[in-house]
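Structural description and commentary
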Amino acid sequence: MIVLFLVGGIGLLLVFCGFLIRFRQAYWLISGFNTMSEEEKSHIDVPRLGRVMFVSCLLMGISVLSGGIFFYFGMDVLGMIGLFLILPIVFVTLIFSQKCNHDPQKTNSKAGVIAFAVFMILIISFVLWVVGSGAKPSVFTVDGSILDVSGTYGQSFDLSEATGAALQSALPANLYKKNGYNFGTVLKGKFDSDIGQLRLYVHTDAPMFLYLTFDDETLIVSGQTQADTQMLYEQVLPLIQAD
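So, here's what we can say about the structure.

The rules behind each value
- Residues numbered from 1 in each chain as written.
- Predicted model: local features only at pLDDT ≥ 70, side-chain atom pairs only at ≥ 80, totals over all residues.
- Heavy atoms only, no water.
- Pairing = 2+ DSSP bridges.
- Helix = DSSP H or I, 4+ residues; strand = E, 2+ residues; numbered from the N terminus.
- Axes fitted to C-alpha atoms, helices over the stretch in contact; angles between N-to-C directions.
- Buried < 20%, exposed > 50% of the residue type's maximum accessible area, 1.4 Å probe, protein only.
- Lys, Arg positive; Asp, Glu negative; His and termini not counted.
- Salt bridge = Lys/Arg side-chain N within 4 Å of Asp/Glu carboxyl O.
- Polar contact = N/O pair within 3.5 Å; in protein donor to acceptor, adjacent residues only side chain to side chain.
- Contact = heavy atoms within 4.5 Å.
- Core = buried A, V, L, I, M, F, W, Y, C linked by side-chain atoms within 4.5 Å.

The next point concerns the sheet that holds strand β1 (residues 139-143). If you trace the three strands from one edge of the open sheet to the other, you get β1-β2-β3, paired in antiparallel fashion. Across the chains shown, the open sheet's two edge strands, defined by having one partner strand only, are β1 and β3 (156-158). Adjacent strand axes in the sheet meet at a mean angle of 20° when their direction is disregarded. Sheet analysis places strand β2 (residues 146-150) next to β3, joined by three bridges and oriented antiparallel.

Next comes the structure, spelled out in structure tokens:
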């Protein structure tokens, strides 16, 4: 909750600064403007620069606020995308800010813009990789009494320590992600719920879930289809009953 208030405060502060620049001519809030000489300022279209910074601050504030809200509700990937949207906003702001400078002697900064664009592309590629890798379905392999879950947040579970197995048509209520992946219909990792601590590796669009109960937590898994989950249940049930 504290983090949400902090992020929300930053977002609102950005919006507030944008309004001050646009409607109260608080141009001293623009980075680098106060350090310019009077001659340098004379080449700047200040009202236009104020409008650019107003739109930029408004968009960055909305981006930060939306990212914080997504993080609060456990949608980390959307939260990450919301925060990373600041990068293209800054990039576009740099381009439009340069157009406000009419000094014929200004330094050519194309190299800096290109470098920032490359950096932005790398960051966006990383975010897309995180989303894509997390969305890949988990693969379940049973070897002896070991259930191996491969993929993001995957690990191995000893079925000889399980105390029960059952098929359910719904997930527990009040899921709260502690450490994992939550995007679209895919849930992976550690969660809290009404029934205690959980390990989830599920696709919510295939509403059949295998509950495997252990002493300290419950493991819930599902395949991409109900038939896959049913097949996994029939595979692990004899191992648990044999114990």
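Once you've had a look at it, read on.
Here we come to the sheet that holds strand β7 (residues 196-203). What the six strands build is an open sheet, ordered β4-β8-β9-β7-β6-β5; its pairing is mixed. One side of each edge strand has no neighbouring strand; the edge strands of this open sheet are β4 (164-168) and β5 (176-183). The mean angle between the axes of side-by-side strands here comes to 20°, regardless of whether they run parallel or antiparallel. Here strand β6 (residues 186-193) pairs with β7 via eight bridges, running antiparallel. Along β7, the bridge assignment pairs F191 with L198.

A few words now on the side chain of K188. Of note, K188 is situated in strand β6. Nearest to the buried, unbridged K188 among oppositely charged side chains is D205, at 12 Å. Side-chain polar atoms of K188 contact the backbone oxygen of K136, separated by 2.5 Å. Those residues within four positions of K188 in sequence are excluded, and the remaining contacts are S133, G134, K136, P137, S138, T152, Y153, N179, G180, Y181, L200 and Y201.

Here is a general trend for soluble globular proteins: nonpolar side chains tend to be buried in one another's company. Of all hydrophobic cores here, the largest spans 17 residues; its most connected members are L147, L212 and L219. Among the elements that make up this core, the one with the highest residue count is helix α7 (residues 226-242) (five residues). Grouped together as the second largest cluster of nonpolar side chains are 10 residues, I30, F33, V52 and C100 included.

Moving on to the side chain of S56. In this fold, S56 is placed in helix α3 (residues 46-72). Not counting residues within four places of it along the chain, the set of residues in contact with S56 comprises I89 and T93.

This paragraph deals with the environment of G61. Among the structural elements, G61 can be located in helix α3. Classification of G61 as buried rests on a relative accessible area of 0%. With 49 residues separating them in the primary sequence, G61 and L12 have C-alpha atoms 6.1 Å apart. If we ignore the near neighbours within four places in the chain, the residues touching G61 are G11, L14 and V15.

Read these as spatial facts, not as claims about activity.
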